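# Secondary and tertiary structure notes
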Amino acid sequence: MKTLDSIPTGKIERAGKLVKTGVKIGGNYVKYYGKKLVNPELGKDELNENNAEDIYDGLKSLKGSALKVAQMLSMEKNLLPRAYVDKFSLSQFSVPPLSAPLVRKTFKKYLGKYPEELFDTFEKDSVNAASIGQVHKATKDGKALAVKIQYPGVAESISSDLALVKPIAIRMFNLQGKDSDKYFKEVENKLIEETDYLLEIEQSIEITERCSAIKNLEFPKYYKELSSERIITMDWMQGRHLSEFTNKEFDPEVGNSIGQTLWDFYMFQIHGLRKVHADPHPGNFLVSEDHSLIAIDFGCIKEVPKEFYVPYFELAQKRNIENDAVFMEKLYELEILTETDSPEELKFFKALFKEMLSLFTSPFNEEYFDFGSNDFWEKIADLSERYSKDSQIRKMNGNRGSKHFLYMNRTFFGLYNLLHDLNAKIEVNSFKRYLS
């Protein structure tokens, strides 16, 4: 794979790259409508593939928060055409890596020495490269190590990247007024945290220690003395990325076992630690040869404050969704409904969230739940399809819900998708044995 000797870091340079991408997409539409004049029955498959290719090519050279957006979108399997999901999925662990000279320069700047001075061996070619950093294999004192190196300029470009993305997001999600700023600030703060590798090491050590009792779950050990604010050194963990594992045939019982571990891991974090690994994409998990689950990245941790946790999980209970007075009270508590809503908005969003929550919280109201069930996913796809085409929703203020919904919903959507890929049937309350 071709390596990168530099990454655009200036606001103008990065904006220019996005403008060029926009021009390419415009050209794709011109070609599409030209062909459609000749063939009115022409579908959008080719257009989607060309657009996905051009958007991904533009984002992968920028890396950082721009590429992180693609990574997050790749998890939205029911919201995007397949071409986008397939292409954006590459951002999870396969993008052009930094060149060897740029890697050495980063080591010298942040650890004061070149990699060959710190390790017994250090592979100059990265084993995978993602949105914020890339990983190299090394050895020291007989131990195999994984060394994650952050791309230059990523932390400094977060605010300017989000400023470029903001107008597109406002239009896509129909956000109105200054209240939308709270969502962008939440994303910005989380991305800034993800670029602080010293914070990531502290979070990684805390969560791995506190979750160590969970059955069938493994973590790497972290080495502070070989780490810095832009470099993390940890144990090399042997296994296949979760997406590689699920792309091949596997025993249903193995899928159930890995899925149960994944579910227990997330439920223990949320209910026991009140903080959660909010980036559940396949690139952050490995499956070992003996089918243990390995969690390898804790850059994105979301704290769940009590004032959000309590009403959020009260609304996960079927009896509260069906109790109109309680349901309305919780919608206001969670800022889904507001005092400024019109009667039309109150009626519309009450019905929307009643249907949505009844579906998405259904796993919490069962003793066992089958995430491989086609019925569950067909209902999700149908709900997404109906409301994406609803002209009424475009006329209303899309600012809905506490800022904490952003990463909590992302966590559950990602978790549900991973469990679906595993065709896992899980015991819902199994995690409670670890809470004591």
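Report on the accompanying structure. (Residues numbered from 1 in each chain as written. Predicted model: local features only at pLDDT ≥ 70, side-chain atom pairs only at ≥ 80, totals over all residues. Heavy atoms only, no water.)

### Things to note about the sheet that holds strand β10 (residues 293-295)
Basically, it comes down to this: Two strands form a pair only when DSSP identifies at least two bridges running between them. Put simply, DSSP marks the helices as runs of H or I at least four residues long and the strands as runs of E at least two long, and each gets a number from the N terminus on.
Strand order in the open sheet formed by four strands is β5-β10-β9-β7, and the pairing between neighbours is mixed. With partners counted over all chains shown, the strands left at the sheet margins are β5 (217-218) and β7 (240-241), one partner each. Sheet topology note: the β5/β10 ladder contains two bridges and is parallel. Bridge pairing in β10 links Glu 218 to Ile 294.

### Concerning the nonpolar core
Put simply, the test is: Definition used in this section: a nonpolar core is a set of buried Ala, Val, Leu, Ile, Met, Phe, Trp, Tyr and Cys residues joined via side-chain atoms within 4.5 Å. Whether a residue is buried, partly exposed or exposed follows from its accessible area with a 1.4 Å probe, protein chains only, as a fraction of its type maximum: under 20%, in between, or over 50%, in that order. By the convention used here, residues are in contact when the closest approach between their heavy atoms is within 4.5 Å.
Of all hydrophobic cores here, the largest spans 91 residues; its most connected members are Trp 263 and Phe 265. With ten residues, the top contributor of residues to this core is helix α11 (residues 252-273). Excluding residues within four positions of it along the chain, Phe 265 makes contact with Ile 207, Cys 211, Ile 214, Leu 217, Phe 219, Phe 285, Ala 295 and Phe 298. Ile 158, Val 187, Leu 191 and Tyr 407 belong to the second-largest nonpolar core, a separate cluster that totals six residues.

### Considering the environment of Ile 205
Position of Ile 205 relative to the elements: it lies in helix α9 (residues 197-210). On the accessibility criterion, Ile 205 (22% relative accessible area) is partly exposed. Residues Ile 205 and Tyr 222, 17 residues apart in the sequence, show an inter-C-alpha distance of 7.1 Å. If near-sequence neighbours (up to four positions away) are discounted, Ile 205 is found in contact with Tyr 222 and Lys 224.

### Some thoughts on the packing of aromatic side chains
The condition is simple: Classification of ring pairs uses Phe, Tyr and Trp, with its six-membered ring standing for Trp, and accepts pairs whose centres are within 6.5 Å; under 30 degrees between planes counts as stacked, over 60 as edge-to-face, and the remaining range as tilted. A ring is considered to have a charge above it if a Lys NZ or an Arg CZ atom is located within 6 Å of its centre and within 35 degrees of its normal.
Considering all chains together, one arrives at 30 aromatic pairs under this definition. A centroid spacing of 5.0 Å and a plane angle of 25° characterise the contact between Phe 245 and Phe 250, whose relative ring orientation is stacked. Here the two residues Phe 245 and Phe 250 agree in accessibility, since each one is buried. Here the aromatic rings of Phe 369 and Phe 376 are separated by 5.0 Å at their centres, their planes lie at 80°, and the arrangement is edge-to-face. Residue placement shows Arg 104 over the ring face of Tyr 114; its charged tip is 4.0 Å from the ring centre. Positioned over the ring face of Tyr 309 is Arg 274, at 3.5 Å from the centre of the ring.

### Section: the environment of Leu 111
Tracing the backbone through its elements, the reader meets Leu 111 in helix α5 (residues 100-111). The partly exposed category is assigned to Leu 111, whose relative accessible area is 23%. Once the C-alpha coordinates of Leu 111 and Ile 231 are considered, the two residues, 120 residues apart in sequence, prove to be 8.3 Å apart. In this view, Leu 111 contacts Leu 118, Leu 226, Ser 227, Ser 228 and Ile 231; residues no more than four positions away in its chain are not counted.

### Points about the side chain of Lys 275
We count it as follows: N or O atoms within 3.5 Å of each other form a polar contact, as long as, within protein, one can give a hydrogen and the other can take it, and as long as residues adjacent in sequence are counted only when both atoms are side-chain atoms.
Mapped onto the fold, Lys 275 is located in strand β8 (residues 275-277). Within polar-contact distance, the side chain of Lys 275 engages the side chain of Glu 206 at 3.2 Å. Among residues more than four places away in sequence, those in contact with Lys 275 are Glu 206, Gln 269, Ile 270, Ile 301, Lys 302, Glu 303 and Val 304.

### A few points about the pairing of strand β6 (residues 231-235)
Within β6, five of the five residues are buried, which leaves the element mostly enclosed by the surrounding structure. In terms of strand pairing, strand β4 (residues 143-150) meets β6 through five bridges, oriented antiparallel. Across the sheet, residue Ala 146 finds its bridge partner in β6, namely Met 234.

### Regarding the environment of Glu 289
On the secondary structure map, Glu 289 appears in the loop between β9 (285-287) and β10. When the C-alpha atoms of Glu 289 and Gln 238 are compared, they prove to be 7.9 Å apart, with 51 residues separating the residues in sequence.

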